[in-house]
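# Structural description and commentary
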Amino acid sequence: MSRIGRMPITIPAGVNVEVTEHNVVSVKGPKGRLEAPINPEISVKIEDGTISLTRPTDSPKHRSLHGLSRTLVNNMVLGVNEEFKKELDINGVGYRATKEGKKLVMNLGYSHQVIVEETDGITIDVPTPNKIIISGINKQEVGQFAADIRKKRPPEPYKGKGIKYVNEVIRRKEGKTGAK
């Protein structure tokens, strides 16, 4: 049995979960509404304030789908109850970010400003010029949006300049020695 797949998901107060006949799980909570199709071979049952997922056989395909499906449903329940967040740091002289309306304007050492617009379901917050906080209810969208912003100027290994995740460790390289 999958260790992750067999764990029940508790439904917090204020969150409604429904399963349609085509195995589409719909989760509605205080922060919003999410829907995701679950493989029809995995059965989803809602009873006594918990969600449990079961698989038909122990084949490798069903075992992998079991854990994946449970994690997807759990992320939806967590997302509509409390948002997911990704924090980014900007390092470098003159590198900074500001928010103008729904646009994130970044100076990243290029000859032009890099401008990124908020999308539906994603909010950008800039508490300081060197910190960006991305939040939303869909974990995959938040992570992808953060990765797209990081891609605008990834951290370089010599001085560490660029955009990095808060908990990311940059492996630093030694520069030229200059011995003559």
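What counts, and where the lines are drawn
- Residues numbered from 1 in each chain as written.
- Predicted model: local features only at pLDDT ≥ 70, side-chain atom pairs only at ≥ 80, totals over all residues.
- Heavy atoms only, no water.
- Helix = DSSP H or I, 4+ residues; strand = E, 2+ residues; numbered from the N terminus.
- Polar contact = N/O pair within 3.5 Å; in protein donor to acceptor, adjacent residues only side chain to side chain.
- Contact = heavy atoms within 4.5 Å.
- Pairing = 2+ DSSP bridges.
- Salt bridge = Lys/Arg side-chain N within 4 Å of Asp/Glu carboxyl O.
- Buried < 20%, exposed > 50% of the residue type's maximum accessible area, 1.4 Å probe, protein only.
- 1 Å grid on protein atoms, 1.4 Å probe; cavity = no way out; pocket = protein on both sides within 12 Å on 5 of 7 lines; lining within 4 Å.
- Points joined across faces, edges and corners; volume = space filled by probe spheres on them.
- Nonpolar A, V, L, I, M, F, W, Y, C, P; charged D, E, K, R; others polar.
- Axes fitted to C-alpha atoms, helices over the stretch in contact; angles between N-to-C directions.
- Core = buried A, V, L, I, M, F, W, Y, C linked by side-chain atoms within 4.5 Å.

### What about the side chain of Ser 26?
- Here Ser 26 is to be found in strand 3 (residues 24–28).
- For Ser 26, the side chain forms a polar contact with the side chain of Arg 33, separated by 3.0 Å.
- Residues contacting Ser 26, with those up to four places away along its chain left out, are Asn 16, Val 17, Glu 18, Arg 33, Leu 34 and Glu 35.

### Quick word on the pairing of strand 5 (residues 43–47)
- Here strand 5 runs beside strand 6 (residues 50–54); their pairing, made up of five bridges, is antiparallel. Paired with Glu 47 across the strands is Thr 50, a residue of strand 6.
- Counted between consecutive antiparallel strands, the loop separating strand 5 from strand 6 contains two residues, among which Asp 48 sits at a positive phi close to 55°.

### Regarding the pattern of salt bridges
- Taken as a whole and judged by the stated rule, the model has eight salt bridges.
- Among the salt bridges present, the one from Glu 41 reaches Lys 61, with a minimum N-O distance of 3.4 Å. Of this pair, Glu 41 sits in the loop between strand 4 (33–37) and strand 5 while Lys 61 sits in helix 1 (residues 60–81), and the two are 20 residues apart along the sequence.
- Judged by relative accessible area, which is 47%, Lys 61 ranks as partly exposed.
- In this structure, Asp 148 engages Lys 151 in a salt bridge whose closest nitrogen and oxygen atoms are separated by 3.9 Å.
- A residue is classified by how much of its surface remains accessible, and Asp 148, at 31% relative accessible area, is partly exposed.
- Among the charged side chains, a network of salt bridges with common partners joins Lys 99, Lys 102 and Glu 118.

### Notes on the layout of surface pockets
- Looking at the largest pocket, its volume works out to about 200 Å³.
- As for the largest pocket, its lining consists of Leu 34, Glu 35, Ala 36, Leu 72, Asn 75, Met 76, Phe 84, Ile 137, Asn 138, Lys 139 and Gln 140.
- Secondary-structure elements contributing two or more residues to the lining of the largest pocket are strand 4, helix 1 and helix 2 (139–150).
- Residues of the lining of the largest pocket, tallied by class, amount to six nonpolar, three polar and two charged.

### What about the sheet that holds strand 8 (residues 96–100)?
- Here we have three strands laid out as an open sheet, ordered 8-9-10, and antiparallel in their pairing. Across the chains shown, the open sheet's two edge strands, defined by having one partner strand only, are strand 8 and strand 10 (114–117). Direction aside, neighbouring strands of the sheet carry axes that sit 20° apart on average.
- Note: strand 8 against strand 9 (residues 103–107), five bridges, orientation antiparallel. Counted as the bridge partner of Glu 100 is Lys 103 from strand 9.

### As for the nonpolar core
- Membership of the largest hydrophobic core comes to 19 residues, with the highest contact counts inside it found for Leu 104, Met 106, Ile 132, Ile 134 and Ile 149.
- For this core, the leading source of residues is helix 2, giving four residues.
- Beyond its immediate chain neighbours, meaning those up to four positions away, Ile 132 contacts Lys 86, Glu 87, Leu 88, Ile 90, Ala 97, Leu 104, Met 106, Ile 124, Asp 125 and Ile 149.
- Counting 18 residues, the second-largest nonpolar core is a separate cluster that includes Val 17, Ile 38, Leu 65 and Val 77.

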